[in-house]
Amino acid sequence: MEKVFKQLDPVTFEVLKNGFINIVDQMAAQILRTCYSFVIYCRDFSCCLNDSEGDTVMQGSWDIAVHVGTLHFTAKAVLEVFKDNIKPGDVFAINDPYAGGTHFCDVRIIKPVFYDGELIALMQCNGHWADVGGSVPGSFDITAKEHYGEGLRIPPIKLWEQGVYREDVANLLVANMRVPEDRLGDMRAQAEAATVGEQQLLRLVEKYGKDTVLSAFEECKNYVERMTRSRIKELPEGTWVAEDYIDMDPEQGEGLIPIKVALTIKDGNLHYDLTGTHPYIGCFLNATFGSAFSGIIAGTKMVFPDIPLSSGFYRVVTANLPEGTVVNAPWPIAVTGFCSGAYEKIMNAIFEIWSNVMPERALAPCFNLEYLLIGGWDNRPGYNYHFMWYDWMAGGHGARWNRDGSNCSAPMFGVGLTVQPCEGQERLTPVITSMHEILTDSGGPGKFRGGCGVKKGGTLGLVNRSVMSYCCDRSRSINMGVFGGLPSYPHGVRLNPGKEHEKYLGAIFSNYPVKGGDSFVRPSQGGGGLGDPLKRDLNMVLEDVKNGYVSLERAKKDYGVVIKLIDEDMCAYEMDIAATAQEKDYIRANRVSWLEEDPAIVRSRYLQGEIDLLDLIRRYGVILDWETGELLPKTTGQFREKLKTNVLKYWDQ
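K.L.:
Run through the overall build of the chain, naming residues and quoting values.
P.N.:
Helix and strand counts for the chain come out as 17 helices and 22 strands. What you see for the chain is a C-alpha radius of gyration of 25 Å, in line with the 26 Å of a compact globule of 653 residues. The C-alpha extent of the chain, read off along each of the three principal axes, is 80 × 65 × 50 Å. Taking contacts inside the chain between residues at least 6 apart in sequence as the whole, the part at least 24 apart equals 72%.

Written as structure tokens, this is what we have:
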């Protein structure tokens, strides 16, 4: 029977709409104060209010981007599996990427809400558990081809049945995970947060009546749909395309893996078509339908930040994600690394598209999320248990239409994530932070500069049986600029830098043995630049040099601005106007031909020390295997073509 909803007056609707947001925020506050995992404490979690059909009624204001487009899928999965076997007091768990989730670490706890015996809503809390088992501490095994080594796959299950805690089921789950007491603590924190949401929703039902609250549920979705369509109808109709890349498929050798995105705006609708995207690859950087769709939603929401998010948004924004591709990998293909692989590539392609649709909201590509994980046995006095050092870094956002990108910010993957405090990490794990600083020259040059990334290093203390893993990308598909802006900086971890046994481990590896006394350092990317770097205001370049964002050398090479150091302690510099004009003329006369030079000759000059790493990338568009120095001809060709599309055609010749 079709549901009939009552008409709400504007005041009641506004009160309830904001009340729903407040409920979700109260759930988030509960998790933050009761979770066990440092990862969740640093805000890798989201909450949601779903209606009785699983549709999203409202998100909160703290939820991170990667989760928000998937929570309705997992709510619907629970409803589909349990159908009429859902009772008051039940609590469910699910982390299944193939049932609409993101990856196995994102465990959703879902509690149905009943009123007078009727199911009226679902309260959902999603937290990133620091480990869910699998072959690698932290559950990020880059070598996995299928999901069996990535951790425990949890289809919809009951953890509480009519209020009775199913201890055997919970113990079965965490017995397959590292540090099980933390996993149980996070599970209970999420369940309690769902209970807080349930209590607050029932307060609204008691105050306003069930019919009014359920009508507000429906109106929240209708409101978002109307608001979104009205904004889209102001835009030109047409189709725009862009693409971004994953570094490689380990099973196929070198060559960038394209993710193609086409946006069609028509009749107040947005439709994304990812036809032409590469088939799924032989490592864990693939995405499932749910996580790829979430990337589309998150990328689009960045363009419309003022519109609330509910399932009304999903009525307007649709997507074709071809099966069997890197954006819709089937079971049982490995997908845990979607966050560093397909997800943010989708987002950055969407940023590029919308930069053309709405130039006044242009945003160059932003840095790629990365995770460095060290797990093993903590031998510090008084500890003597399994530890999990689980770290992500801040980085640079892309330059915008009329201003520089933000420095050292949370990734677009999870705007709202906090940079983990070093003091907390050092108390919880035997890893000491040795440096954490802005990385000079990491922001992509442009008329408006990309935000700077950071450089972070550490040293292992008293450890045993420890391994390191790195879930990353962008060592080859380096963050690009737009409208003539230049690329950023490559990712990669160096072990024992500056020592005799220094080793470059790259941007993607798992289970690398480490021991006490080993040190490491890694950069995060900056954002891409926007606009021709030669057109950047001279005084802005000078200020960048003073602030340590740009070196004297790159000020000359990237911007054509010649600056002399007068007194470093006094931060005194002097710009050479005549030499600057001469340098700009030199760059302008040669930069097109640089992109046509023989890559083998360019590589030889790099190995001989005539040019440096950023010359390779920004001037010549040449990509090497950064460990061996081997030329990557296919990757170089693809990278150069992207430079010509995003950069060269916007330069004054």
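K.L.:
How would you explain the domain arrangement of the chain if you had to name every residue and give the values?
P.N.:
We note that the domain assignment places domain 1 (10-227) and domain 2 (362-531) within the chain. Inter-centroid distance (C-alpha atoms) of domain 1 to domain 2 is 29 Å. The interface of domain 1 with domain 2 comprises 21 residues on the first partner and 27 residues on the second. Approximately 1900 Å² of surface area, both sides summed, lies buried where domain 1 meets domain 2, with 73% of it carried by carbon and sulfur atoms.

K.L.:
I'd like a rundown of the packing of helix H15 (residues 599-607) against helix H16 (residues 613-620), residues and numbers included.
P.N.:
Running from amino to carboxyl end, H15 crosses H16 at an angle of 155°, the nearest separation of the two axes being 9 Å. Judged by the angle between their axes, H15 and H16 are roughly antiparallel. Judged by the sense of rotation from one axis to the other, the crossing of H15 with H16 is right-handed. For the pair H15 and H16, the contacting residues are Val602, Arg605 and Tyr606 in the first and Leu613, Leu616 and Tyr620 in the second.

K.L.:
Quick rundown of the environment of Tyr280? Include the residues and the values.
P.N.:
Looking at the secondary structure, you find Tyr280 in the loop between strand E10 (269-273) and helix H8 (289-301). When the C-alpha positions of Tyr280 and Asn328 are compared, they lie 7.7 Å apart, and in sequence the two are 48 residues distant. Every residue in contact with Tyr280, bar those within four places of it in the chain, is listed here: Asp249, Asn286, Gly324, Thr325, Val326, Ala329, Pro330 and Ile333.

K.L.:
So what's going on with the sheet that holds E10? Which residues, and what values?
P.N.:
Strand order in the open sheet formed by four strands is E8-E9-E10-E11, with mixed pairing between adjacent strands. In this open sheet, the two edge strands, each paired with only one partner strand, are strand E8 (238-246) and strand E11 (317-320). When the angles between neighbouring strand axes are averaged without regard to direction, this sheet yields 20°. Direction of pairing for strand E9 (residues 257-266) relative to E10: antiparallel, over a ladder of five bridges. Bridging across to E10, Ala262 finds its partner in Asp273. Contacting E8, E9 and E10, helix H10 (residues 342-357) crosses the sheet at an angle of about 145° to E8.

K.L.:
Break down the packing of aromatic side chains for me, citing the residues and quoting the values.
P.N.:
Remark: the centre distance and the inter-plane angle together describe each pair of aromatic rings, the angle taken between the planes. The final tally for this structure, using the stated rule, is 24 aromatic pairs. Here Tyr371 and Trp392 contribute two aromatic rings whose centre-to-centre distance is 6.2 Å and whose plane-to-plane angle is 75°, an arrangement assigned as edge-to-face. Of the two residues, Tyr371 is situated in strand E12 (residues 371-378) and Trp392 in strand E13 (residues 385-392); the sequence distance between them amounts to 21 residues. You'll find Tyr371 and Trp392 in the same group, each marked buried. Put simply, the rings of Phe140, Phe284, Tyr371, Tyr390 and Trp392 touch in pairs and so form one group of aromatic residues. When the ring centre of Trp62 is taken as reference, the NZ or CZ atom of Arg43 above it lies at 4.6 Å.

Basis of the calculations
Residues numbered from 1 in each chain as written. Predicted model: local features only at pLDDT ≥ 70, side-chain atom pairs only at ≥ 80, totals over all residues. Heavy atoms only, no water. Helix = DSSP H or I, 4+ residues; strand = E, 2+ residues; numbered from the N terminus. Rg over C-alpha atoms; globule rule 2.2 N^0.38 Å. Contact = heavy atoms within 4.5 Å. Domains from an automatic or database assignment. Buried area = accessible area lost by both parts, 1.4 Å probe. Axes fitted to C-alpha atoms, helices over the stretch in contact; angles between N-to-C directions. Parallel < 35°, antiparallel > 145°, perpendicular 65-115°, else oblique. Left-handed = near helix turned anticlockwise from the far one by under 90°. Pairing = 2+ DSSP bridges. Phe/Tyr/Trp six-rings, centres within 6.5 Å; stacked < 30°, edge-to-face > 60°. Buried < 20%, exposed > 50% of the residue type's maximum accessible area, 1.4 Å probe, protein only. Lys NZ or Arg CZ within 6 Å of the ring centre and 35° of its normal.

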